[in-house]
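A look at the structure
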2 protein chains.
Amino acid sequence: MPPSVGWGFIGAGGVARRRMLPAARELPEVAISAVMVREQSRAEAIAAEFGARAAYQRVEDLLADAAVEAVYIATPPDVHGEQVVAAAEAGRHILLEKPMALDLPTCDRMLAAVASAGVRLAVCFPLRHAPAVRTLRDWLRAGEFGDLIYLRAQLAKWYPLEAGAWRSDPRQAGGGVVMDLGSHLLDLATWLGGPIRDLGAQIATRVWPVEVEDTAVLTLGFESGAQAILDVSFAVHDSANLIEVYGTEGYALAPSPREPTAIVRVTGEGREEVSVGRANVYAAELLDFTAAVRTGAAAQTSGDDGRQNVACLRAAYRAAARATRERPGEVE
Amino acid sequence: MPPSVGWGFIGAGGVARRRMLPAARELPEVAISAVMVREQSRAEAIAAEFGARAAYQRVEDLLADAAVEAVYIATPPDVHGEQVVAAAEAGRHILLEKPMALDLPTCDRMLAAVASAGVRLAVCFPLRHAPAVRTLRDWLRAGEFGDLIYLRAQLAKWYPLEAGAWRSDPRQAGGGVVMDLGSHLLDLATWLGGPIRDLGAQIATRVWPVEVEDTAVLTLGFESGAQAILDVSFAVHDSANLIEVYGTEGYALAPSPREPTAIVRVTGEGREEVSVGRANVYAAELLDFTAAVRTGAAAQTSGDDGRQNVACLRAAYRAAARATRERPGEVE
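Residues numbered from 1 in each chain as written. Chains lettered and ligands numbered in written order. Predicted model: local features only at pLDDT ≥ 70, side-chain atom pairs only at ≥ 80, totals over all residues. Heavy atoms only, no water.

Let us look at the pairing of strand E13 (residues 250–254) of chain B. Residue and element names in this part refer to chain B. E13 sits mainly inside the fold: five of its five residues count as buried. Because side chains alternate across E13, one face comprises the buried residues Gly250, Ala252 and Ala254, and the other comprises Tyr251 and Leu253, equally buried. As paired strands, strand E12 (residues 243–247) and E13 are joined by four bridges and run antiparallel to one another. Bridge pairing in E13 links Tyr246 to Tyr251. (Buried < 20%, exposed > 50% of the residue type's maximum accessible area, 1.4 Å probe, protein only. Helix = DSSP H or I, 4+ residues; strand = E, 2+ residues; numbered from the N terminus. Pairing = 2+ DSSP bridges.)

Before going further, it helps to spend a moment on the packing of aromatic side chains. What the rule picks out here adds up to 16 aromatic pairs over all chains. Taking the centre distance of 5.7 Å and the plane angle of 65 degrees together, the rings of Phe9 of chain B and Tyr72 of chain B count as edge-to-face. Of this pair, Phe9 of chain B sits in strand E1 (residues 5–10) while Tyr72 of chain B sits in strand E4 (residues 70–73), and the two are 63 residues apart along the sequence. We note that Phe9 of chain B, like Tyr72 of chain B, is buried. On the basis of an interplanar angle of 55 degrees and a centroid distance of 4.8 Å, the ring pair of Trp158 of chain B and Trp208 of chain B is categorised as tilted. Taken as a pair, Trp158 of chain B in strand E7 (residues 148–158) and Trp208 of chain B in the loop between strand E8 (196–204) and strand E9 (215–222) lie far apart in primary sequence, 50 residues in all. Linked through ring pairs, Trp7, Phe9, Tyr72 and Phe289 of chain A together constitute an aromatic cluster. Its end group placed over the ring of Trp139 of chain A, Arg265 of chain A keeps NZ or CZ at 4.5 Å from the ring centre. (Phe/Tyr/Trp six-rings, centres within 6.5 Å; stacked < 30°, edge-to-face > 60°. Lys NZ or Arg CZ within 6 Å of the ring centre and 35° of its normal.)

Residues and elements named next belong to chain B. Strands sit in the order E3-E2-E1-E4-E5-E6 across an open sheet of six strands; the sheet is parallel. The open sheet terminates on both sides in strands that have one partner only, identified here as strand E3 (54–56) and strand E6 (121–123). When the angles between neighbouring strand axes are averaged without regard to direction, this sheet yields 25 degrees. As paired strands, E1 and E4 are joined by four bridges and run parallel to one another. Looking across to E4, one finds that Gly8 is bridged to Val71. Relative to strand E2 (residues 30–36), helix H1 (residues 14–25) is tilted by about 150 degrees, and along the sheet it contacts E1, E2, E4 and strand E5 (93–96). In the packing of helix H2 (residues 40–50) onto the sheet, contacts are made with E2 and E3, and the angle to E3 comes to roughly 155 degrees. (Axes fitted to C-alpha atoms, helices over the stretch in contact; angles between N-to-C directions. Contact = heavy atoms within 4.5 Å.)

Residues and elements named next belong to chain A. Roughly 40 degrees is the biggest bend found in helix H8 (residues 177–193), and it falls at Ser183. With 16 of its 17 residues buried, H8 lies for the most part within the structure. Immediately beyond the C-terminal end of H8, within one or two residues, lies Gly194, with a positive phi of roughly 90 degrees. (Bend = angle between axes of the 7 residues up to and from the residue.)

Attention now goes to the interface of chain A and chain B. Between chain A and chain B, the contact holds 49 residues from the first and 49 residues from the second. Together chain A and chain B conceal approximately 3400 Å² of surface at their shared face, both sides included; 57% is due to carbon and sulfur atoms. The tally of links between chain A and chain B comes to two salt bridges. Looking at which element gives the most residues to the side of chain A that touches chain B, the answer is strand E7 (residues 148–158) of chain A, with seven residues. Residue classes in the side of chain A that touches chain B are distributed as 23 nonpolar, 17 polar and nine charged. (Buried area = accessible area lost by both parts, 1.4 Å probe. Salt bridge = Lys/Arg side-chain N within 4 Å of Asp/Glu carboxyl O. Nonpolar A, V, L, I, M, F, W, Y, C, P; charged D, E, K, R; others polar.)

Moving on: the relation of the copies chain A and chain B. Of the transformation superimposing chain A on chain B, the axial component is 0.0 Å and the angular component is 180 degrees, with the fit at an RMSD of 0.0 Å. As the rotation angle and translation indicate, the two copies are arranged about a two-fold axis. When each C-alpha of chain A is compared by its distance to the rotation axis, Thr324 of chain A comes out closest, at 2.0 Å. Interface overlap between copies: 100% of the residues of chain A at the interface are likewise at the interface in chain B, consistent with a symmetric, same-surface contact. (Least-squares fit on C-alpha atoms with pLDDT ≥ 70 in both.)

With respect to the element layout, Thr75 of chain A can be found in the loop between strand E4 (70–73) and helix H4 (80–89). At 2.6 Å, the side chain of Thr75 of chain A and the side chain of Gln83 of chain A are in polar contact. (Polar contact = N/O pair within 3.5 Å; in protein donor to acceptor, adjacent residues only side chain to side chain.)

Right, let's talk about the domain arrangement of chain A for a bit. Residue and element names in this part refer to chain A. When the domains of chain A are assigned, the result is domain 1 (5–126 + 283–300) and domain 2 (130–278 + 310–322). The straight-line distance from the C-alpha centre of domain 1 to that of domain 2 is 26 Å. Here domain 1 packs against domain 2, burying approximately 1300 Å² in sum over the two surfaces, 61% of which is carbon and sulfur. Contact with domain 2 buries surface across domain 1, with Lys98, Leu102 and Phe125 losing the most and accounting together for 36% of the total. (Domains from an automatic or database assignment.)

Counting across every chain of the model gives 40 salt bridges over all chains. Arg167 of chain B serves as the salt-bridge partner of Asp180 of chain B, at 2.5 Å between the closest nitrogen and oxygen. Pair noted here: Asp180 of chain B is in helix H8 (residues 177–193) and Arg167 of chain B is in the loop between E7 and helix H7 (170–173), with a separation of 13 residues, a long-range link. Classification of Asp180 of chain B by relative accessible area gives buried; the value is 12%. The exposure class assigned to Arg167 of chain B is partly exposed, which follows from its relative accessible area of 23%. For the salt bridge of Glu211 of chain B with Arg171 of chain B, the shortest nitrogen-to-oxygen distance reads 3.5 Å. Taken as a pair, Glu211 of chain B in the loop between E8 and E9 and Arg171 of chain B in helix H7 lie far apart in primary sequence, 40 residues in all. For the pair formed by Glu211 of chain B and Arg171 of chain B, the shared burial category is exposed. A single network of salt bridges, built from pairs that share partners, joins Arg152, Asp231 and Glu244 of chain A together with Arg152, Asp231 and Glu244 of chain B.

This paragraph deals with the sheet that holds strand E3 (residues 54–56) of chain A. Residue and element names in this part refer to chain A. Strand order in the open sheet formed by six strands is E3-E2-E1-E4-E5-E6, and the pairing between neighbours is parallel. Single-partner strands in this sheet number two, and they are E3 and strand E6 (121–123). For this sheet, the mean angle separating the axes of adjacent strands, direction not counted, is 25 degrees. Where helix H1 (residues 14–25) meets the sheet, its contacts fall on strand E1 (5–10), strand E2 (30–36), E4 and strand E5 (93–96), and the angle it forms with E2 comes to roughly 150 degrees.

For the rest of this paragraph, the subject is the packing of helix H5 (residues 104–117) of chain B against helix H10 (residues 303–322) of chain B. Residue and element names in this part refer to chain B. Between H5 and H10, the shortest axis-to-axis distance is 9 Å and the interhelical angle comes to 175 degrees. Between H5 and H10, the crossing angle belongs to the class labelled roughly antiparallel. For the pair formed by H5 and H10, the contact residues are Leu104, Cys107, Asp108 and Leu111 on the first element and Gly303, Asp304, Arg307, Val310 and Ala311 on the second. Per-class residue counts for the contact of H5 with H10 are five nonpolar, one polar and three charged. (Parallel < 35°, antiparallel > 145°, perpendicular 65-115°, else oblique.)

So this is what it looks like as structure tokens:
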């Protein structure tokens, strides 16, 4: 086994604290070299909890740590741009939480900095590592359902958006549930269905006392002629996460991309339940990017994927505001 | 039991032949007094098969039959207007297949004729009689899921649209799968979610060599602020017919509105499967309208429901053509 890659973790809220750091701790390929959190006592507590050698309060100090070869950035998206540019200029490879940024010009600055520095950038779309999603994609690519007619993907749950939190602040988050869960599903849809030609969106703030939307339905037209429905919400009871693909010769329903479950698959050969098992998608992301850094292989996602995702997100908000269908990437 | 109502069946293709006439034959409340089919030998064969006393080739002859108190009209929608007006002027009550007509001016002429004649008009939306749908509606109205955030309804199947058939002819059918299956779901959505404020639509002709669309996704905004997703297709393998409702305090999934099945219901009290049984929705429609004729009670649906449905259908095609969201009933 090649030596482990030294990772610096920038930001340690939400997914970093609950998912990525616990996953990293279990992986011999991943060395938790440093963590950066603005509040000193919290930085030190997290460093201690996860065995990081160093705790920093400033991004530039973490980037100056020679043990840090790659960074995982899990900060609010409005600061992704400056942090990615700084990391690239410091020669660090970058695994970045979605959404990549709030707008396309920022994405372009990030991509230019990364290209100029010759470092790698990947954006986190963990559903690409979910066994149910990978299985559906394999089947689609193998033509097991004939031509794709449409797909539907859902991420809906009860998730309090609190006033004052960055997720509830349009200036920091760029929006609500579309930027958050919608970002995942737009990438998923692209991964399963190919390039998106246009999209429509309706958004609503139904439950939480915030400016950003807590519920949205997006409809996509793929360049192939197929369609997609994406429904996301922070305002429904419990959680529901269906993925469905419908083709001319078969269809499949995955009750949840993350749970250990079976996909219901209906084709000319009948109806069957196919077990797809379970994976730690966060560990898979870390391993995938670590391997990319070590071996030079392509990571599962790229900065271009992240930019395309932002193009779709911006198009979704334009579509919602204008009550029109919009093309990703058109000038705003 | 009051004496049976004498029914005349105008048109005996598709749903009339396969569903309504077989249902009528089993109901003592329904007397199959006459059938009207343009081709004489077919009219006589169907009359013989279902025990009708008379077979006609012309609508006016059926309407002149004194035994006919009510008519069931199952002809292509482009001729609904003239047939309903003729039936009303002949003093016959009318149960009309959906969609009511191709446009709102025709609906208005029909409603005026019916009002002037003092006869009843109902439009067939059989899903209102499906146990799963009625159960979902009861739960929603009882507030068992808190506030409705969104719902999704699907009618998707493999159904050949043949060149030359009225269903494939935009002049006769007014469109494709939206006019056909979409009409059902637009009424269902209204019945479950209330008045529709606006809607978006994307349509596609993916599989069949016809002018009309075989696949569509509609997204609705209700006046309540809730949303709906409606997906319909004649281009996907087998059939899939999910209905889902999501509220702040619970949600439910009905795998199919027509099959004998259980609704999955998730609330604060946990997850349960609730058996809803099975019903012959066509028999239920006939009985409901027969009772309305005999007793003066309101039928399950009205001509106004049919008109509102056409307003939504027209808005869907405008939305698809213009790539905008449209309000039902706006001037075209």
